[in-house]
Amino acid sequence: MPNNNITLFKQYIPLLDEVYKLASLTSVLDGAPELAKQGANADELIIPKISMDGLADYSRNSGYVGGDVTMTNETVKCNFDRGRMFNVDTLDNQETAGMAYGRLASEFIRTKVVPELDAFRMATYAQVSGISTTDAAVLSTGANVIAAIRAAVNAFDEDEVPADQRYLFITPTLIQLVDDMDTTKSKKVLETLNVVKIPQSRFYTKILQKDGLTSGQERGGFAKHSDGKDINFMLIHKPALIQYQKHVSQKIITPEQNQDSDGWKFGYRNVGIADVCENKVAGIYLHKSTT
(Lines give C-alpha, C1' and ligand atoms only; values in the text may rest on other atoms or scores of the structure.)
Protein backbone atom coordinates (compact mmCIF):
# COMPACT_ATOMS: atom_id res chain seq x y z
CA MET A 1 0.00 0.00 0.00
CA PRO A 2 2.71 2.60 0.81
CA ASN A 3 4.41 1.89 -2.51
CA ASN A 4 1.13 2.48 -4.35
CA ASN A 5 0.70 5.80 -2.56
CA ILE A 6 4.20 6.89 -3.46
CA THR A 7 3.58 5.99 -7.10
CA LEU A 8 0.36 7.99 -7.07
CA PHE A 9 2.02 11.10 -5.74
CA LYS A 10 4.94 10.85 -8.12
CA GLN A 11 2.41 11.30 -10.91
CA TYR A 12 1.81 14.86 -9.76
CA ILE A 13 5.38 16.00 -10.44
CA PRO A 14 5.23 16.40 -14.26
CA LEU A 15 1.85 18.07 -13.89
CA LEU A 16 3.44 20.74 -11.71
CA ASP A 17 5.90 21.55 -14.48
CA GLU A 18 2.99 21.79 -16.91
CA VAL A 19 1.21 24.27 -14.67
CA TYR A 20 4.22 26.58 -14.77
CA LYS A 21 4.47 26.42 -18.55
CA LEU A 22 0.81 27.24 -18.99
CA ALA A 23 0.54 29.98 -16.40
CA SER A 24 3.86 31.82 -16.50
CA LEU A 25 3.81 34.88 -18.74
CA THR A 26 7.59 35.35 -18.72
CA SER A 27 8.53 31.73 -19.51
CA VAL A 28 8.74 32.75 -23.20
CA LEU A 29 11.90 34.62 -22.22
CA ASP A 30 13.66 31.60 -20.70
CA GLY A 31 17.09 31.13 -22.25
CA ALA A 32 18.42 27.89 -23.65
CA PRO A 33 20.16 26.03 -20.77
CA GLU A 34 23.04 24.93 -23.02
CA LEU A 35 24.15 28.58 -23.39
CA ALA A 36 25.22 28.71 -19.75
CA LYS A 37 27.30 26.28 -17.76
CA GLN A 38 27.14 25.86 -14.02
CA GLY A 39 29.38 28.21 -12.09
CA ALA A 40 31.99 27.23 -9.55
CA ASN A 41 29.59 28.05 -6.74
CA ALA A 42 26.07 26.77 -6.29
CA ASP A 43 24.48 30.18 -6.84
CA GLU A 44 26.42 31.17 -9.95
CA LEU A 45 26.13 30.82 -13.71
CA ILE A 46 28.90 31.46 -16.23
CA ILE A 47 27.85 33.26 -19.42
CA PRO A 48 30.27 33.53 -22.39
CA LYS A 49 30.83 37.08 -23.68
CA ILE A 50 32.65 38.10 -26.86
CA SER A 51 34.14 41.42 -28.00
CA MET A 52 36.28 42.31 -31.03
CA ASP A 53 37.89 45.20 -32.87
CA GLY A 54 36.20 46.88 -35.83
CA LEU A 55 37.35 47.38 -39.39
CA ALA A 56 40.64 49.15 -40.19
CA ASP A 57 42.21 50.41 -43.44
CA TYR A 58 43.66 47.78 -45.75
CA SER A 59 47.04 48.54 -47.26
CA ARG A 60 48.13 47.17 -50.65
CA ASN A 61 51.69 47.13 -49.33
CA SER A 62 51.38 45.81 -45.78
CA GLY A 63 47.96 44.17 -46.00
CA TYR A 64 45.69 43.82 -43.01
CA VAL A 65 45.86 45.67 -39.70
CA GLY A 66 45.88 43.16 -36.87
CA GLY A 67 42.77 42.98 -34.69
CA ASP A 68 41.89 41.48 -31.35
CA VAL A 69 39.00 39.24 -30.42
CA THR A 70 38.29 38.43 -26.80
CA MET A 71 36.14 35.69 -25.35
CA THR A 72 35.54 36.06 -21.64
CA ASN A 73 33.29 34.41 -19.12
CA GLU A 74 30.87 36.63 -17.25
CA THR A 75 29.95 35.18 -13.86
CA VAL A 76 26.48 36.11 -12.66
CA LYS A 77 24.84 35.13 -9.40
CA CYS A 78 21.38 33.69 -8.97
CA ASN A 79 19.11 36.36 -7.51
CA PHE A 80 15.92 34.35 -6.99
CA ASP A 81 15.90 31.74 -4.22
CA ARG A 82 12.49 31.10 -2.68
CA GLY A 83 10.70 28.12 -1.16
CA ARG A 84 7.96 26.77 1.13
CA MET A 85 7.09 23.53 2.93
CA PHE A 86 3.49 22.35 3.44
CA ASN A 87 2.03 19.51 5.48
CA VAL A 88 -1.16 17.60 4.61
CA ASP A 89 -2.47 15.20 7.28
CA THR A 90 -2.85 11.62 6.06
CA LEU A 91 -6.53 11.41 7.00
CA ASP A 92 -7.31 14.73 5.34
CA ASN A 93 -5.77 13.46 2.14
CA GLN A 94 -7.49 10.05 2.29
CA GLU A 95 -10.90 11.58 2.93
CA THR A 96 -10.56 13.78 -0.14
CA ALA A 97 -9.29 10.94 -2.38
CA GLY A 98 -5.89 12.52 -2.67
CA MET A 99 -7.21 15.87 -3.86
CA ALA A 100 -5.91 17.76 -0.81
CA TYR A 101 -2.32 17.19 -1.83
CA GLY A 102 -2.93 17.50 -5.55
CA ARG A 103 -4.80 20.76 -5.29
CA LEU A 104 -2.32 22.20 -2.81
CA ALA A 105 0.64 21.56 -5.09
CA SER A 106 -0.91 22.73 -8.35
CA GLU A 107 -2.63 25.77 -6.85
CA PHE A 108 0.56 26.81 -5.08
CA ILE A 109 2.49 26.79 -8.35
CA ARG A 110 -0.25 28.55 -10.31
CA THR A 111 -1.35 31.19 -7.80
CA LYS A 112 1.78 31.84 -5.73
CA VAL A 113 4.99 30.80 -7.50
CA VAL A 114 4.24 31.91 -11.05
CA PRO A 115 2.89 35.42 -10.26
CA GLU A 116 5.86 36.18 -8.02
CA LEU A 117 8.34 34.85 -10.56
CA ASP A 118 6.80 37.04 -13.28
CA ALA A 119 6.72 40.09 -11.02
CA PHE A 120 10.30 39.54 -9.86
CA ARG A 121 11.63 39.27 -13.39
CA MET A 122 9.84 42.36 -14.68
CA ALA A 123 10.85 44.44 -11.64
CA THR A 124 14.45 43.25 -11.92
CA TYR A 125 14.73 44.24 -15.58
CA ALA A 126 13.09 47.59 -14.83
CA GLN A 127 15.80 48.33 -12.24
CA VAL A 128 18.78 47.60 -14.51
CA SER A 129 20.97 50.64 -15.04
CA GLY A 130 21.35 51.85 -18.62
CA ILE A 131 18.15 50.47 -20.12
CA SER A 132 16.05 52.69 -22.37
CA THR A 133 13.18 54.41 -20.61
CA THR A 134 10.92 57.43 -20.78
CA ASP A 135 9.43 59.85 -18.30
CA ALA A 136 6.58 58.38 -16.26
CA ALA A 137 3.25 59.01 -17.95
CA VAL A 138 -0.38 57.96 -17.86
CA LEU A 139 -1.65 56.45 -21.12
CA SER A 140 -5.37 57.16 -21.31
CA THR A 141 -6.22 56.55 -24.98
CA GLY A 142 -5.38 54.01 -27.65
CA ALA A 143 -3.62 56.71 -29.64
CA ASN A 144 -1.42 57.49 -26.61
CA VAL A 145 -0.52 53.82 -26.25
CA ILE A 146 0.36 53.41 -29.94
CA ALA A 147 2.48 56.56 -29.92
CA ALA A 148 4.38 55.32 -26.86
CA ILE A 149 4.96 51.89 -28.40
CA ARG A 150 6.17 53.50 -31.64
CA ALA A 151 8.68 55.53 -29.63
CA ALA A 152 9.93 52.33 -28.01
CA VAL A 153 10.26 50.53 -31.36
CA ASN A 154 12.06 53.54 -32.83
CA ALA A 155 14.47 53.50 -29.89
CA PHE A 156 15.20 49.83 -30.58
CA ASP A 157 15.73 50.55 -34.27
CA GLU A 158 18.07 53.47 -33.60
CA ASP A 159 20.05 51.35 -31.12
CA GLU A 160 20.31 48.61 -33.77
CA VAL A 161 18.48 46.02 -31.69
CA PRO A 162 17.64 43.08 -34.02
CA ALA A 163 14.07 43.04 -35.27
CA ASP A 164 13.38 39.42 -34.33
CA GLN A 165 12.47 38.14 -30.84
CA ARG A 166 11.02 41.43 -29.68
CA TYR A 167 8.42 40.94 -26.94
CA LEU A 168 5.96 43.60 -25.85
CA PHE A 169 4.71 43.03 -22.29
CA ILE A 170 1.70 45.28 -21.72
CA THR A 171 -1.24 45.47 -19.34
CA PRO A 172 -4.61 44.16 -20.55
CA THR A 173 -6.16 47.59 -19.91
CA LEU A 174 -3.78 49.34 -22.30
CA ILE A 175 -3.96 46.76 -25.07
CA GLN A 176 -7.74 46.96 -24.85
CA LEU A 177 -7.54 50.70 -25.53
CA VAL A 178 -5.66 49.86 -28.70
CA ASP A 179 -8.13 47.13 -29.69
CA ASP A 180 -11.02 49.58 -29.31
CA MET A 181 -9.56 52.01 -31.84
CA ASP A 182 -11.61 52.37 -35.03
CA THR A 183 -8.73 52.08 -37.46
CA THR A 184 -6.30 49.20 -37.88
CA LYS A 185 -3.76 51.28 -39.81
CA SER A 186 -2.33 52.86 -36.68
CA LYS A 187 -1.90 49.41 -35.08
CA LYS A 188 0.60 48.25 -37.68
CA VAL A 189 3.48 48.72 -35.24
CA LEU A 190 2.15 45.77 -33.23
CA GLU A 191 2.54 43.40 -36.18
CA THR A 192 6.30 43.31 -35.69
CA LEU A 193 6.07 42.40 -32.00
CA ASN A 194 5.19 39.37 -29.90
CA VAL A 195 2.50 40.82 -27.62
CA VAL A 196 2.07 39.36 -24.12
CA LYS A 197 -0.66 40.68 -21.84
CA ILE A 198 0.51 40.81 -18.22
CA PRO A 199 -1.75 41.87 -15.31
CA GLN A 200 -0.87 45.04 -13.43
CA SER A 201 -0.62 42.91 -10.27
CA ARG A 202 2.61 41.41 -11.68
CA PHE A 203 3.89 44.54 -13.37
CA TYR A 204 5.79 46.95 -11.10
CA THR A 205 9.19 48.63 -11.28
CA LYS A 206 10.01 47.35 -7.78
CA ILE A 207 8.53 44.69 -5.51
CA LEU A 208 8.86 43.57 -1.90
CA GLN A 209 9.42 39.84 -1.45
CA LYS A 210 8.09 38.92 1.98
CA ASP A 211 10.41 36.71 4.02
CA GLY A 212 7.73 34.69 5.84
CA LEU A 213 9.26 35.45 9.24
CA THR A 214 9.02 39.19 9.87
CA SER A 215 5.88 40.43 11.59
CA GLY A 216 3.30 41.21 8.92
CA GLN A 217 5.14 39.07 6.34
CA GLU A 218 4.34 35.61 7.71
CA ARG A 219 2.20 34.63 4.74
CA GLY A 220 5.06 35.30 2.35
CA GLY A 221 4.52 36.22 -1.28
CA PHE A 222 5.21 39.62 -2.73
CA ALA A 223 3.73 43.11 -2.98
CA LYS A 224 4.37 46.33 -4.84
CA HIS A 225 7.23 48.15 -3.11
CA SER A 226 6.55 51.55 -1.58
CA ASP A 227 9.09 52.95 -4.04
CA GLY A 228 7.64 51.04 -7.00
CA LYS A 229 5.65 52.37 -9.93
CA ASP A 230 3.10 50.65 -12.13
CA ILE A 231 4.60 49.59 -15.46
CA ASN A 232 2.59 50.46 -18.57
CA PHE A 233 4.64 48.27 -20.89
CA MET A 234 8.11 46.88 -21.46
CA LEU A 235 9.65 46.09 -24.83
CA ILE A 236 12.22 43.31 -24.44
CA HIS A 237 14.63 41.73 -26.87
CA LYS A 238 14.86 38.15 -25.61
CA PRO A 239 18.61 37.63 -26.32
CA ALA A 240 19.35 40.60 -24.05
CA LEU A 241 18.30 38.59 -21.01
CA ILE A 242 20.01 36.10 -18.75
CA GLN A 243 16.95 34.20 -17.58
CA TYR A 244 17.35 30.64 -16.38
CA GLN A 245 15.85 28.27 -13.85
CA LYS A 246 18.99 26.78 -12.29
CA HIS A 247 17.26 24.56 -9.74
CA VAL A 248 13.59 23.72 -9.20
CA SER A 249 12.97 21.20 -6.43
CA GLN A 250 9.56 19.67 -5.69
CA LYS A 251 10.06 17.42 -2.69
CA ILE A 252 7.61 14.81 -1.43
CA ILE A 253 7.98 13.36 2.08
CA THR A 254 5.67 10.45 2.86
CA PRO A 255 3.99 9.99 6.26
CA GLU A 256 6.39 7.09 6.93
CA GLN A 257 9.37 9.37 6.37
CA ASN A 258 7.85 12.36 8.15
CA GLN A 259 9.40 12.64 11.61
CA ASP A 260 7.22 15.56 12.70
CA SER A 261 3.66 14.38 12.01
CA ASP A 262 1.47 11.78 10.32
CA GLY A 263 1.13 13.62 7.06
CA TRP A 264 2.44 14.15 3.57
CA LYS A 265 4.91 16.99 3.17
CA PHE A 266 5.25 19.02 0.00
CA GLY A 267 8.36 21.17 -0.29
CA TYR A 268 9.04 23.53 -3.16
CA ARG A 269 12.19 25.52 -3.93
CA ASN A 270 13.02 27.63 -6.97
CA VAL A 271 16.49 29.02 -7.64
CA GLY A 272 17.09 31.06 -10.76
CA ILE A 273 18.42 34.22 -12.29
CA ALA A 274 16.90 37.22 -14.02
CA ASP A 275 19.47 39.67 -15.36
CA VAL A 276 20.46 41.60 -18.47
CA CYS A 277 23.66 41.11 -20.49
CA GLU A 278 26.07 43.98 -19.96
CA ASN A 279 26.40 44.70 -23.68
CA LYS A 280 22.67 44.46 -24.42
CA VAL A 281 20.94 46.90 -22.06
CA ALA A 282 19.55 48.68 -25.13
CA GLY A 283 17.36 45.60 -25.57
CA ILE A 284 15.12 46.69 -22.69
CA TYR A 285 12.67 49.59 -22.97
CA LEU A 286 10.61 50.63 -19.94
CA HIS A 287 7.48 52.78 -20.00
CA LYS A 288 6.18 53.33 -16.47
CA SER A 289 3.19 55.12 -15.02
CA THR A 290 3.10 58.00 -12.56
CA THR A 291 1.21 55.77 -10.11
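Residues numbered from 1 in each chain as written. Predicted model: local features only at pLDDT ≥ 70, side-chain atom pairs only at ≥ 80, totals over all residues. Heavy atoms only, no water.

Colleague: Before we move on, can you summarise unusual backbone geometry with the specific residues and values?
Modeller: Trans peptide bonds make up the majority, and among non-glycine residues the majority have a negative phi. Phi is positive for E160, which is not a glycine, with a value near 65°. Structurally, the position occupied by E160 is in the loop between helix 5 (142-158) and strand 6 (166-170). Note on E160: relative accessible area 70%, which makes it exposed. In this structure, Q165 is a non-glycine residue whose phi angle is positive, near 60°. Assessed through its relative accessible area of 35%, Q165 is described here as partly exposed. (Helix = DSSP H or I, 4+ residues; strand = E, 2+ residues; numbered from the N terminus. Buried < 20%, exposed > 50% of the residue type's maximum accessible area, 1.4 Å probe, protein only.)

Colleague: Give me the sheet that holds strand 10 (residues 231-237): which residues, what numbers.
Modeller: The strand order across the open sheet built from five strands is 5-13-10-6-7, with neighbouring strands paired in mixed fashion. The sheet is open, and its two edges are formed by strand 5 (132-133) and strand 7 (194-197), each paired on a single side. Two strands pair when backbone bridges link them, and strand 6 and strand 10 are joined in this way by five bridges, in the antiparallel orientation. Looking at the pairing, I170 lines up with F233 of strand 10. Across the sheet, helix 5 lies against strand 6, strand 10 and strand 13 (284-288), angled at about 30° from strand 10, the strand it touches most. (Pairing = 2+ DSSP bridges. Contact = heavy atoms within 4.5 Å. Axes fitted to C-alpha atoms, helices over the stretch in contact; angles between N-to-C directions.)

Colleague: Tell me about helix 6 (residues 172-179), residues and numbers included.
Modeller: All of the buried residues in helix 6 are L174, I175 and V178. Angularly, the buried residues of helix 6 cover 95° about the axis, an arc narrow enough to put them on a single face. Tucked inside the fold, the buried residues of helix 6 contact helix 5, strand 6, strand 7 and strand 10. (Arc of directions from axis to C-beta.)

Colleague: Tell me what's going on with the packing of helix 5 against helix 6, and back it up with residues and numbers.
Modeller: Two numbers describe how helix 5 lies on helix 6: the axes approach to 7 Å, and their chain directions differ by 105°. Relative to helix 6, helix 5 is oriented roughly perpendicular. On helix 6, the residues that touch G142, V145 and I146 of helix 5 are L174, L177 and V178. (Parallel < 35°, antiparallel > 145°, perpendicular 65-115°, else oblique.)

Colleague: Before we move on, could you go through the nonpolar core and cite the residues and values that matter?
Modeller: Counting 26 residues, the largest nonpolar core has M122, Y125, F169, M234 and I236 as its most contacted members. Contributing elements (two or more residues each) for this core: helix 4 (99-126), strand 6, strand 10, strand 12 (263-276) and strand 13. Counting residues per element, this core draws most heavily on helix 4, at seven residues. The contacts of I236, once residues within four sequence positions are left out, are L29, M122, Y125, F156, Q165, R166, Y167, F169, L241, G283 and I284. Counting 21 residues, the second largest nonpolar core, distinct from the first, contains V145, I170, L174 and V189. (Core = buried A, V, L, I, M, F, W, Y, C linked by side-chain atoms within 4.5 Å.)

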